[in-house]
Amino acid sequence: MAKKIKKSGGESAKPPAKKTAPKKSAPKKAAAPKKKAPPKSVAKEPAGAGRPAAVNVEERSRMIAEAAYLRAEKRGFAGDPVEDWLLAEEEVDRRLGQR
């Protein structure tokens, strides 16, 4: 029969681990100042908010006439057309930023 060879101290047959030098880190750079990002979704005022819009007299009259017509139509054309006109005039002026 063949003889068994015993290793002394029960050591395993792994080769010794290689030692490596620790890696050097690159020198740290000064931190650059962070830029502020614009807000993601901010409701912006419509262009021209707070100042009168450049609308000529004819255009303003057309807008008032249309608004007065829509008011009267909602009511079934019953009521005072002068009141419709005056309310429409206030509404248009408010939208144009004139009052």
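For the structure, check the block above.
Here goes a summary of the coordinates provided. Because the structure is predicted, anything quoted here is derived from the model rather than measured.

Digging into unusual backbone geometry
Here comes step 1: Its identity as a non-glycine residue notwithstanding, F77 has a phi of 60 degrees, on the positive side.
Here comes step 2: Here F77 shows up in the loop between α1 (57-74) and α2 (81-96).

Here we look at the environment of S61
Here comes step 1: Relative to the helices and strands, S61 resides in helix α1.
Here comes step 2: S61 sits in the partly exposed class, given a relative accessible area of 33%.
Here comes step 3: For the pair formed by S61 and E89, sequence separation is 28 residues and the distance between their alpha carbons is 8.4 Å.

Topic: the packing of aromatic side chains
Here comes step 1: On inspection of all chains with the given rule, the structure shows 1 aromatic pair.
Here comes step 2: Centre to centre, the rings of Y69 and F77 are 5.4 Å apart; their planes meet at 55 degrees, and the pair counts as tilted.

Concerning the pattern of salt bridges
Here comes step 1: Taken as a whole, this structure holds 7 salt bridges when the rule is applied.
Here comes step 2: Here R71 ties to E91 by a salt bridge, and the two come within 3.3 Å at their closest N and O atoms. With R71 in helix α1 and E91 in helix α2, this pair connects stretches of sequence that are 20 residues apart.
Here comes step 3: The shortest N-O distance in the salt bridge between D84 and R75 comes to 2.7 Å.
Here comes step 4: Of the residues examined, D84 reaches a relative accessible area of 5% and is grouped as buried.
Here comes step 5: For R75, a relative accessible area of 38% corresponds to the partly exposed category.

Description of the environment of Y69
Here comes step 1: Here Y69 shows up in helix α1.
Here comes step 2: With 12 residues separating them along the chain, Y69 and P81 place their C-alpha atoms 8.6 Å apart.

Concerning the nonpolar core
Here comes step 1: Core analysis: the biggest nonpolar cluster contains 7 residues, these being M63, I64, A67, A68, A88, V92 and L96.
Here comes step 2: Going through the elements one at a time, α1 and α2 are the ones with two or more residues in this core.
Here comes step 3: Broken down by element, the residue count for this core peaks at 4 residues, all from α1.

Notes on α1
Here comes step 1: Between its first and last C-alpha atoms α1 spans 26 Å; for 18 residues at 1.5 Å apiece the expected length is 26 Å, and the two agree.
Here comes step 2: If you check which residues of α1 are buried, you get M63, I64, A67, A68 and A72. Each buried residue of α1 sits inside an arc of 165 degrees when the element is viewed along its axis, so together they form one side.
Here comes step 3: Buried residues in α1 make contact with α2.

Scoring rules and cut-offs
Residues numbered from 1 in each chain as written. Predicted model: local features only at pLDDT ≥ 70, side-chain atom pairs only at ≥ 80, totals over all residues. Heavy atoms only, no water. Helix = DSSP H or I, 4+ residues; strand = E, 2+ residues; numbered from the N terminus. Buried < 20%, exposed > 50% of the residue type's maximum accessible area, 1.4 Å probe, protein only. Phe/Tyr/Trp six-rings, centres within 6.5 Å; stacked < 30°, edge-to-face > 60°. Salt bridge = Lys/Arg side-chain N within 4 Å of Asp/Glu carboxyl O. Core = buried A, V, L, I, M, F, W, Y, C linked by side-chain atoms within 4.5 Å. Expected span 1.5 Å × (residues − 1). Arc of directions from axis to C-beta. Contact = heavy atoms within 4.5 Å.

Function-wise, these values are silent; they only describe arrangement.
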